[in-house]
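Observations on the model geometry
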Amino acid sequence: AQKITQTQPGMFVQEKEAVTLDCTYDTSDQSYGLFWYKQPSSGEMIFLIYQGSYDEQNATEGRYSLNFQKARKSANLVISASQLGDSAMYFCAMREGLLTGNQFYFGTGTSLTVIP
Amino acid sequence: NAGVTQTPKFQVLKTGQSMTLQCAQDMNHEYMSWYRQDPGMGLRLIHYSVGAGITDQGEVPNGYNVSRSTTEDFPLRLLSAAPSQTSVYFCASSDRGSGANVLTFGAGSRLTVL
């Protein structure tokens, strides 16, 4: 079974609008972390936001927020007030706990295009 | 502070040739890993290490070898390159344990096998 599922291969959003990128995960661990990374066309991987499995509040970092629904095992990324520079690939990732190897697993990514 | 340094950035090989992708980090991270990125496949884990002298296989280890003789270095060896190994390779490192131990990536190495 896939550890991380991103079901939206491509998304379009109007500049200044908000957009939600979906991510679901699969783990039996109680302790895990969820991450979002951005990969612009230049190719580097840029960390955006982190959510711990025990964090009760949704994580926020500037215009990025993570909508964490533990019971549904979802960790959607919300980008508010989209900018042209947000056009990129976005990857959801999960780090499982120490007892299960502490590895990172990545989804297949969502390509976001911001339309002027 | 250089972070994670990968070399080379680009490489073209012929089928059957061997080569080593170098990865070095200066953050004293215990965890190091190699991923390959292919279109539509996301990032797939090749090998990883949780400390010097300790390595383990990831999702797609066949055709690759690794070693971890120091905390800083984690080279990836292609023993006999095949066209299926044409990909972009990323080295990444982090602290271990729970918490927001962010995976820090190198700039990537684009490998083409003819």
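An account of the accompanying structure is given in this report. (Residues numbered from 1 in each chain as written. Chains lettered and ligands numbered in written order. Predicted model: local features only at pLDDT ≥ 70, side-chain atom pairs only at ≥ 80, totals over all residues. Heavy atoms only, no water.)

**Focus: the overall build of chain A**
- The helix and strand tally for chain A stands at zero helices and 12 strands.
- Listing each helix as α and each strand as β along chain A from the N terminus yields β-β-β-β-β-β-β-β-β-β-β-β.
- Computed over its C-alpha atoms, the radius of gyration of chain A comes to 14 Å, within 12% of the 13 Å expected for a compact globule of 116 residues.
- Residues classed as buried in chain A amount to 48% of the 116 residues present.
- For chain A, restricting intrachain contacts to residue pairs at least 6 apart in sequence, the fraction spanning at least 24 positions comes to 54%.
- When the accessible surface of chain A is totalled, it reaches about 5500 Å², and 50% of it is carbon and sulfur.
- Put simply, chain A has 8 plus and 11 minus side-chain charges, and the middle of one group is 2 Å from the middle of the other. (Helix = DSSP H or I, 4+ residues; strand = E, 2+ residues; numbered from the N terminus. Rg over C-alpha atoms; globule rule 2.2 N^0.38 Å. Buried < 20%, exposed > 50% of the residue type's maximum accessible area, 1.4 Å probe, protein only. Contact = heavy atoms within 4.5 Å. Areas by Shrake-Rupley, 256 points an atom, 1.4 Å probe, with all protein chains shown as cover. Lys, Arg positive; Asp, Glu negative; His and termini not counted. Charge placed at Lys NZ, Arg CZ, Asp CG, Glu CD.)

**Topic: the overall build of chain B**
- If you tally the helices and strands in chain B, you get zero helices and 11 strands.
- When its helices and strands are written in sequence order, chain B yields β-β-β-β-β-β-β-β-β-β-β.
- The globule rule puts the C-alpha radius of gyration for 114 residues at 13 Å, and the 13 Å found for chain B is close to it.
- Dimensions of chain B, computed from the C-alpha atoms along their principal axes, are close to 40 × 30 × 25 Å.
- A burial count over chain B gives 48% of its 114 residues as buried.
- Excluding contacts between residues fewer than 6 apart, the proportion of contacts in chain B whose partners are at least 24 apart in sequence is 53%.
- Total accessible area on chain B stands at roughly 5100 Å², and carbon and sulfur atoms take up 49% of it.
- Across chain B, the 8 positively charged side chains and the 8 negatively charged ones have centroids separated by 11 Å.

**Structural notes on the packing of aromatic side chains**
- On inspection of all chains with the given rule, the structure shows 14 aromatic pairs over all chains.
- Aromatic pair Y35(B) and F105(B): ring centres 6.2 Å apart, planes at 40°, arrangement tilted. Of the two residues, Y35(B) is situated in strand β4 (residues 31-38) and F105(B) in strand β10 (residues 104-105); the sequence distance between them amounts to 70 residues. Per residue, the accessibility class of Y35(B) equals that of F105(B), and both read buried.
- Between the NZ or CZ atom of R63(A) and the centre of the ring of Y64(A), over which it lies, the distance is 5.7 Å. (Phe/Tyr/Trp six-rings, centres within 6.5 Å; stacked < 30°, edge-to-face > 60°. Lys NZ or Arg CZ within 6 Å of the ring centre and 35° of its normal.)

**Quick notes on the sheet that holds strand β1 (residues 4-7) of chain B**
All names here are of chain B.
- Strand order in the open sheet formed by four strands is β1-β3-β8-β7, with antiparallel pairing between adjacent strands. Only two strands of the sheet have a single neighbouring strand rather than two, namely β1 and β7 (64-66). The sheet shows a mean angle of 20° between the axes of neighbouring strands, taken without regard to direction.
- Sheet topology note: the β7/strand β8 (residues 76-78) ladder contains three bridges and is antiparallel. Counted as the bridge partner of Y64 is L78 from β8. (Pairing = 2+ DSSP bridges. Axes fitted to C-alpha atoms, helices over the stretch in contact; angles between N-to-C directions.)

**Here we look at the interface of chain B and chain A**
- Opposite the 21 residues of chain B that make contact, chain A presents 18 residues.
- Contact with chain A buries area across many residues of chain B, yet L43(B), V102(B) and F105(B) alone supply 25% of it, more than any other trio.
- The tally of links between chain B and chain A comes to zero salt bridges.
- If you look at where chain B meets chain A, you find seven residue pairs in polar contact (both at pLDDT 80 or more).
- For the side of chain B that touches chain A, the secondary structure elements donating two or more residues are β4, β5 (42-51) and β9 (87-94) of chain B.
- Of all the elements, β5(B) adds the most residues to the side of chain B that touches chain A, at four residues. (Buried area = accessible area lost by both parts, 1.4 Å probe. Salt bridge = Lys/Arg side-chain N within 4 Å of Asp/Glu carboxyl O. Polar contact = N/O pair within 3.5 Å; in protein donor to acceptor, adjacent residues only side chain to side chain.)

**Remarks on the state of the cysteines**
- A full pass over the atoms with the stated rule returns two disulfides over all chains.
- In this model, C23(A) is linked to C92(A) through a disulfide, with the two sulfur atoms separated by 1.9 Å. Between C23(A) and C92(A), the disulfide has an S-S torsion of -65° and is therefore left-handed. Linking C23(A) in the loop between β3 (19-21) and β4 (24-25) with C92(A) in strand β10 (residues 88-95), this pair joins segments that are 69 residues apart in sequence. Just as C23(A) is buried, C92(A) falls in that class too.
- Across the disulfide from C23(B) sits C91(B); the S-S distance is 1.8 Å. (Disulfide = S-S within 2.5 Å.)

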